[in-house]
Amino acid sequence: MMRTLGMPLAKLERGEGCWVEDDEGNRYLDFLAGIAVNSLGHAHPVFVEAVSRQAATLAHVSNYFATAPALELADRLVRLSGAGESGRVWFGNSGAEANEAAFKLARLNNSGGARTRVLALVDAFHGRTMGSLALTGKPAMRDGFEPLPGGVQHLPSTIEALEAEMDESVAALILEPIKGEAGVLDLPDGYLQAARDLTRRHGALLIIDEVQTGAGRTGAWFAFQHAGIVPDAITVAKGIGGGIPIGALVTFGDASELYSKGQHGSTFGGNPLATAVAGAVLDEIERADLVGNAARRGVELRERVLAMGSPLVGGVRGRGLLVGIALTEPVAPALSAAALDAGLIVNAANDSTIRLAPPLIIGDGELDEFEARFARALATVSEPRR
Ligand SMILES: *Cc1c(COP(=O)(O)O)cnc(C)c1O
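The name given to the protein in an unreviewed UniProt entry is Acetylornithine transaminase, with Agromyces indicus as the source organism. UniProt, in the comment section headed Sequence similarities (unreviewed entry), describes the protein in these words: "Belongs to the class-III pyridoxal-phosphate-dependent aminotransferase family." Here is the UniProt Pathway (unreviewed entry) comment for the protein, exactly as written: "Amino-acid biosynthesis."

Structure below.
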């Protein structure tokens, strides 16, 4: 395989519920869930049944044809996001592709060529394709790939910076409601409301990247809903498929009229296999109230982390089951390695942040196991310093 990433941490062979097992028979409690993807955990009967049934019925057709699973999933996304009557959906296969579609949507909001700028945030992560990388505000990821598609400007995440830069030359503002890859960084209070007001006043689109935060993870179907605003578009991927590759752009109101015939497409995007599985995953999240579970378990998980009383833990960020544990020392890589040794998968989002994104199905048993294993990892890492 290409050396685009670091060495694999283990070779995984199977999973069930919130647990995975490697090729040596070691079991790990999975508190990363494939980076907020495995919403229902591993090998969930609903997921298995949906894959099997749809694969045995109709897996793929070209975009010259409609299928019931794609139409039903589009309806569901429009309903859950509150896009309503005017809502429209475009399907791709990943978060980056959903953001490519959003970037092109921004270009279409050009007011006859007058709007040339797209605003994004410093530290933002929107994907690794050239367009989504142009939106990404992390120099380490961009280095070596410039020139990227132009006109994108990265602002600090303050209302003042947005006020200073917003005018009639802006086509769109794109942002994550919580910056997941950057270390589960929350936006300042009132930021999304201010972003909505400013973009509306100046005719710019407000595009919210819900790839990591969507599908119930933060204790709402989509994180923007906590702020009580209505965006012009959202992008989703990761958790909506529960493990099947899928991404989507959902537009609201007038933004639904920007794309016209022939302007975008994808061979696999919206195929009946992926859309049937995502539909079944979202249906199960609704049926079992996993959005409510994410909210409740998120509170409990935070309380438990803080109650451990480790001097290494400085605080918690994020919302619901997207948790950033702020460390008082830059030992996140050592801590995640110690956790793996203790049979627990967590992620070092940066040197001083541990990111947790467990399946939305976690209960008391998983919280107990997490606490015991994470305590062991913390002890291993703090011991040599005492
Ligand atoms: C993961 C992620 C992406 C990219 O999704 P891919 O499926 O890896 O292309 C984009 N935006 C956010 C906020 C993400 O977390």
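Caption draft 1: The arrangement of the site of the ligand in detail. The ligand sits among Ser94, Gly95, Ala96, Asn99, Phe125, His126, Gly127, Glu176, Asp209, Val211, Gln212 and Lys238. The separation between a nitrogen atom of the ligand and a polar main-chain atom of Phe125 is 3.3 Å. Between the ligand and Lys238 there is a distance of 2.6 Å, counted from an oxygen atom to a side-chain nitrogen or oxygen. It is helix α4 (residues 95-108) that provides the largest number of residues to the shell around the ligand, a total of 3 residues. A per-class count over the shell around the ligand returns 3 nonpolar, 6 polar and 3 charged.

Caption draft 2: Expanded view of helix α10 (residues 290-307). Given a rise of 1.5 Å per residue, 18 residues ought to cover 26 Å, and the 25 Å separating the end C-alpha atoms of α10 matches this to within 8%. Of the residues making up α10, those classed as buried are Leu290, Val291, Gly292, Asn293, Ala294, Arg297, Gly298, Leu301, Arg302 and Val305. Next to the buried residues of α10 lie α9 (272-287), β13 (313-319), β14 (322-327), β17 (353-356) and α12 (364-382). Phi for Gly309, located one or two positions after α10, is positive at around 65 degrees.

Caption draft 3: View of the domain arrangement of the protein. Each assigned domain of the protein is listed with its residue range as follows: domain 1 (12-30 + 289-385) and domain 2 (48-287). Centre-to-centre, using C-alpha coordinates, domain 1 lies 28 Å away from domain 2. At the junction of the two partners, domain 1 supplies 21 residues and domain 2 supplies 22 residues. Together domain 1 and domain 2 conceal approximately 1,600 Å² of surface at their shared face, both sides included; 57% is due to carbon and sulfur atoms.

Caption draft 4: Structural view of the pairing of β17. Side chains of β17 alternate between two faces, with Thr353 and Arg355 and Ile354 and Leu356 buried alike. By the bridge criterion, 4 bridges tie β14 to β17 in an arrangement that is antiparallel. Residue pairing in the sheet places Ala326 in a bridge with Thr353 of β17. Here strand β16 (residues 347-350) pairs with β17 via 3 bridges, running antiparallel. In the strand pairing of β17, Asn347 is matched with Arg355. Connecting β16 to the next strand, β17, in antiparallel fashion are 2 residues.

Caption draft 5: How the structure looks around the packing of helix α2 (residues 45-55) against α9. Contact geometry of α2 with α9 gives a least axis separation of 9 Å together with a crossing angle of 150 degrees. The pairing of α2 with α9 is recorded here as roughly antiparallel in orientation. Viewed along their axes, α2 and α9 form a crossing whose handedness is right-handed. Residues Val46, Phe47, Ala50, Val51, Gln54 and Ala55 of α2 pack against Pro272, Leu273, Ala276, Val277, Ala280, Val281 and Glu284 of α9. For the contact of α2 with α9, the class distribution of residues is 11 nonpolar, 1 polar and 1 charged.

Caption draft 6: Region of interest: the sheet that holds strand β15 (residues 344-345). Here we have 4 strands laid out as an open sheet, ordered β1-β2-β3-β15, and mixed in their pairing. Of all the strands in the sheet, just β1 (12-16) and β15 have a single pairing partner and so form its edges. By the bridge criterion, 4 bridges tie β1 to strand β2 (residues 19-22) in an arrangement that is antiparallel. Considered in β2, the bridge of Gly15 is made with Val20. Strands β2, β3 (27-30) and β15 of the sheet are contacted by α12, whose axis makes an angle of about 110 degrees with β3.

Caption draft 7: The arrangement of the sheet that holds β14 in detail. The sheet built from 4 strands is open, its strands ordered β13-β14-β17-β16 with antiparallel pairing. Each having just a single partner strand, β13 and β16 make up the two edges of the open sheet. Along the sheet, successive strands turn relative to each other by an average axial angle of 30 degrees, direction set aside.

Caption draft 8: Up close: the packing of α10 against α12. Direction vectors running N to C along α10 and α12 enclose 25 degrees, while the axes themselves pass 11 Å from each other. What the angle tells us is that α10 and α12 run roughly parallel. Note on packing geometry: the crossing formed by α10 with α12 is right-handed. Contact residues: α10 offers Arg297, Glu300, Leu301, Arg304 and Val305, while α12 offers Asp364, Leu367, Asp368, Phe370 and Glu371. Counted by class, the contact of α10 with α12 contains 4 nonpolar, no polar and 6 charged residues.

What counts as what
- Residues numbered from 1 in each chain as written.
- Predicted model: local features only at pLDDT ≥ 70, side-chain atom pairs only at ≥ 80, totals over all residues.
- Heavy atoms only, no water.
- UniProt positions renumbered as here; feature names shortened; annotations may be inferred.
- Near = heavy atom within 4 Å.
- Polar contact = N/O pair within 3.5 Å; in protein donor to acceptor, adjacent residues only side chain to side chain.
- Helix = DSSP H or I, 4+ residues; strand = E, 2+ residues; numbered from the N terminus.
- Nonpolar A, V, L, I, M, F, W, Y, C, P; charged D, E, K, R; others polar.
- Expected span 1.5 Å × (residues − 1).
- Buried < 20%, exposed > 50% of the residue type's maximum accessible area, 1.4 Å probe, protein only.
- Contact = heavy atoms within 4.5 Å.
- Domains from an automatic or database assignment.
- Buried area = accessible area lost by both parts, 1.4 Å probe.
- Pairing = 2+ DSSP bridges.
- Axes fitted to C-alpha atoms, helices over the stretch in contact; angles between N-to-C directions.
- Parallel < 35°, antiparallel > 145°, perpendicular 65-115°, else oblique.
- Left-handed = near helix turned anticlockwise from the far one by under 90°.

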